[in-house]
Amino acid sequence: MKSPNLDKWKYRSDLEGLLLFAQLVEELLFDYTIDTYKVPAMNSHTLSNELWETLAEVEAGAIKPGAVKPIKEELCDRLTRDLVATSILGDIRDGLISWLKSHASIGETKVRAEFLKNALDHAYLTETIRLLKTALADAKQKERITSLTRTLITELIYAGYSPDYIYFETLNYFFTGRTPRIIDSISLVDAYLDRFSGKQLRFAAVFRVSANFAQLKGFAESAGITIQSDMPPIEIVRSVARTKGFLSGNESLPLYLLVDGIEACDVSSAREWGIATIQLLVSLARYHVHRQEFDWSDEAIICDEHRRSLGVYKKPVAPTLKGREPDPNRLSGLIAHTFTTLTSDNLAPESFHRISRAFARHDMAFRSKAPESQLLEFWSAIEVLFTTHESDEEKILQISKAIVPFQTVEYAAKLAADLCLAIKKCGKPGALDVLDKITEGSNEIEKCLALVSIKDNEDKRRELYGALEDHILLRNRVFYLQSKMSSADLIRHMLMTHDRRVAWQIHRIYRARNLYIHSGKSLQYVTILVENLHAYLDRVLDLLIERIEQTGYPLDVDQICVDLRLRYDAHLELLSRHKGKICTADNYKTLLFGH
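Just so it is clear, the structure is predicted and the values come from calculations on it, not from any experiment.

Rules and cut-offs
- Per chain, residue numbering runs from 1 following the sequence as it is written.
- A pLDDT threshold of at least 70 governs which residues receive local features in this predicted model, and a stricter bar of 80 or more applies before side-chain atom pairs are shown or counted, although totals over entire chains, interfaces and linings include all residues.
- Water and hydrogen atoms play no part in the side-chain values, which are based on all heavy atoms of the structure.
- Grouping buried Ala, Val, Leu, Ile, Met, Phe, Trp, Tyr and Cys residues that are joined through side-chain atoms within 4.5 Å yields what is termed a nonpolar core.
- Partly exposed residues are those whose accessible area sits between 20% and 50% of the maximum for their type, while under 20% is buried and over 50% is exposed, using a 1.4 Å probe and protein chains only.
- Each helix is a run of DSSP H or I of at least 4 residues and each strand a run of E of at least 2, with the numbering of both proceeding from the N terminus.
- Any Lys or Arg side-chain nitrogen located within 4 Å of an Asp or Glu carboxyl oxygen qualifies as a salt bridge.
- Axes here mean lines fitted to C-alpha atoms, for a helix over just the part in contact, with angles spanning 0 to 180 degrees between N-to-C directions.
- Should an angle lie under 35 degrees it is considered roughly parallel, over 145 roughly antiparallel, and from 65 to 115 roughly perpendicular; all remaining angles are considered oblique.
- Any two residues having at least one pair of non-hydrogen atoms within 4.5 Å are treated as being in contact.
- Residue polarity is assigned by list, with Asp, Glu, Lys and Arg as charged and Ala, Val, Leu, Ile, Met, Phe, Trp, Tyr, Cys and Pro as nonpolar; anything else, Gly included, falls into the polar class.
- Cavities and pockets are defined on a 1 Å grid built over the protein atoms alone: a cavity is a set of grid points where a 1.4 Å probe fits but cannot escape, while a pocket is an open set with protein on both sides within 12 Å along at least five of seven lines, and lining residues are those with an atom within 4 Å of any such point.
- Grid points are joined across faces, edges and corners, and a volume is the space filled by probe spheres set on the points.

A. Looking closely at the nonpolar core. Ranked by internal contacts, the top residues of the largest apolar core, which has 177 residues, are Phe21, Ile153, Ile166, Phe174, Phe213, Leu257 and Met485. For this core, the leading source of residues is helix 24 (residues 526-550), giving 13 residues. Core analysis: the second largest hydrophobic core is formed by 10 residues, Ala204, Ile234, Leu258 and Cys303 among them.

B. Broad picture of the pattern of salt bridges. Tallying each qualifying case throughout the model produces 41 salt bridges. The shortest N-O distance in the salt bridge between Lys110 and Glu59 comes to 3.0 Å. Pair noted here: Lys110 is in helix 6 (residues 106-121) and Glu59 is in helix 2 (residues 44-59), with a separation of 51 residues, a long-range link. Look at Glu59 and you get partly exposed, because its relative accessible area is 45%. In this structure, Arg93 engages Asp94 in a salt bridge whose closest nitrogen and oxygen atoms are separated by 2.8 Å. With a relative accessible area of 46%, Asp94 lands in the partly exposed category. Here the residues in one salt-bridge network are Glu50, Glu74, Arg78, Arg508 and Arg511, joined through shared partners.

C. Focus on the packing of helix 22 (residues 472-485) against helix 23 (residues 488-519). Their axes nearest at 6 Å, the elements helix 22 and helix 23 cross at an angle of 105°. By the angle between their axes, helix 22 is roughly perpendicular relative to helix 23. Of helix 23, the residues touching helix 22 (which contributes Ser483, Lys484 and Met485) are Leu490, Ile491 and Met494. Residue composition of the contact of helix 22 with helix 23, grouped by class: 4 nonpolar, 1 polar and 1 charged.

D. Quick look at empty space enclosed by the protein. Using the criterion set out here, one finds 2 cavities of 30 Å³ or more in the structure. For the largest cavity, the full set of lining residues is Pro40, Ala41, Thr46, Thr154, Ile157, Tyr158, Gln524, Tyr525 and Ile528. At 3 residues, helix 8 (residues 142-158) tops the list of elements feeding residues into the lining of the largest cavity. Tallied by class, the residues present in the lining of the largest cavity amount to 6 nonpolar, 3 polar and no charged. Reported here for the second largest cavity is a volume of approximately 50 Å³. What lines the second largest cavity is simply Glu372, Leu375, Leu376, Ala512, Leu515, Tyr516, Lys521, Ser522, Leu523 and Val526. For the lining of the second largest cavity, the per-class residue count stands at 7 nonpolar, 1 polar and 2 charged.

Here is the structure:
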């Protein structure tokens with residue numbers, strides 16, 4: 001989280017809300033933001049559609065009825081807090097929530113879900129924008145601005161906009177581009193939002209492909225795909241040097257493949273549509289030809305409907321790669337540590353094989369190009385690691401309960417580590433000075449937690465706010481964490497909220513996996529699910545290795561799962577016993593860590 005570039009801003013206090021909005025959008029869509037602060041996969045509108053579609057799948061026999069319950073729970077929870085849905089539904093919101101919570105039949109629930117879906121379909125985006133514009137005018141409404149911004153970005157992605165497109169348009173408009181030249185008014189958000197009208201545009205995409213694509217030319221033409229050796233007739237109007245470089249000689253990819261008639265909201269989505277078209281063509285070819293590799297360029301020229309070049313667009317970062325990498329100089333040592341731990345006498349042989357197979361599945365996910373395949377491989381690793389038993393409890397419920405403690409143990413430390421990194425990268429020397437003044441804690445993580453949780457450190461938090469100056473997002477993050485960690489009650493609520501959020505997402509991932517396997521359907525937000533599942537799996541593996549190293553006796557994966565569940569339950573019980581207690585220098589680590 002870098003300090004914002006305000007070169008084009010005539011910054012005043014009344015622009016705080018607009019700056020927070022711009023920084024939030026950047027963080028929500030940044031490749032290496034931790035999952036807590038990433039764009040949510042769902043909002044009330046998308047959840048209402050998911051519920052209706054799942055009920056239809058249940059009626060068709062493709063999905064079991066048990067899949068409906070977690071969606072209803074999440075939707076009801078979301079509706080109670082959703083500013084947009086509350087504004088649209090008005091007085092009928094609470095009655096609708098009661099209806100959804102009732103034990104109605106699948107048919108009755110589907111009628112209610114369709115009613116909600118239709119109500120939100122027609123007004124959700126416009127009402128989100130209206131409420132957001134109102135909130136931006138009052139810099140004190142930072143919680144409201146944050147909530148509406150998260151809702152908006154989820155809605156734009158659902159409407160068909162690529163996260164990459166939204167991210168780069170935001171950077172360009174607010175921080176790096178020439179237009180607008182100066183940001184000096186909240187009203188400038190109108191021109192920014194006009195870029196997301198929801199209108200479908202027509203594009204063409206040009207890729208470079210390997211010579212053996214010539215074999216597919218006859219069929220390709222019947223499918224509206226042109227494969228040729230001559231440079232396609234396009235007018236170069238943007239990124240001239242880069243576009244000409246793309247079109248010039250390429251020995252390994254000598255042919256041009258043009259996909260025409262693409263309908264999409266933006267250039268990045270058009271490129272993805274072009275890639276999907278090529279992958280379908282190649283999958284048909286590989287059914288008949290097994291010994292050939294069909295290669296194509298990651299980059300593509302995207303043209304408008306008049307074949308005017310809009311630029312060369314590269315492949316976005318794959319969802320499997322959206323995580324922080326270790327220092328290359330440490331890699332050899334990290335591998336040696338992992339190998340030594342897993343081959344020690346502390347791990348039972350059967351569990352060694354399970355973890356090894358999980359690593360193999362993890363690797364296969366990285367080798368897969370399609371996000372759907374990545375999801376299947378990551379989920380296979382999860383099923384390898386977590387044992388399920390014959391019982392009245394469904395398999396997915398057992399897996400979900402096993403995963404949750406891995407994500408909640410030391411959750412406060414995860415948030416503090418992210419805050420510490422943000423303070424270091426913010427470019428404000430005074431902010432680091434404040435952290436150095438914290439007397440509590442033996443390391444940076446504990447000091448960050450002491451800073452945000454202990455009531456008596458309020459003077460240092462105020463000093464930090466001053467040091468951060470115009471870094472509105474980081475200032476707000478410190479305030480947000482303080483509001484979540486300053487007492488036993490708040491910490492318990494934070495953990496249980498995170499618990500539910502992870503469980504709901506695990507159920508969603510499982511539904512997406514089943515939907516793809518049984519009916520071949522893919523979800524629009526599958527890349528977000530891949531990112532989340534990858535983060536969950538990595539956390540599971542990290543903690544398994546950590547626990548194996550710490551123990552002094554042989555154990556297996558199932559024992560570690562039991563241990564973490566007991567520790568998590570004990571932590572919640574400890575917080576219940578300390579109900580009403582605020583964090584102090586003496587108890588903050590006990591309340592935050594459970595020990």
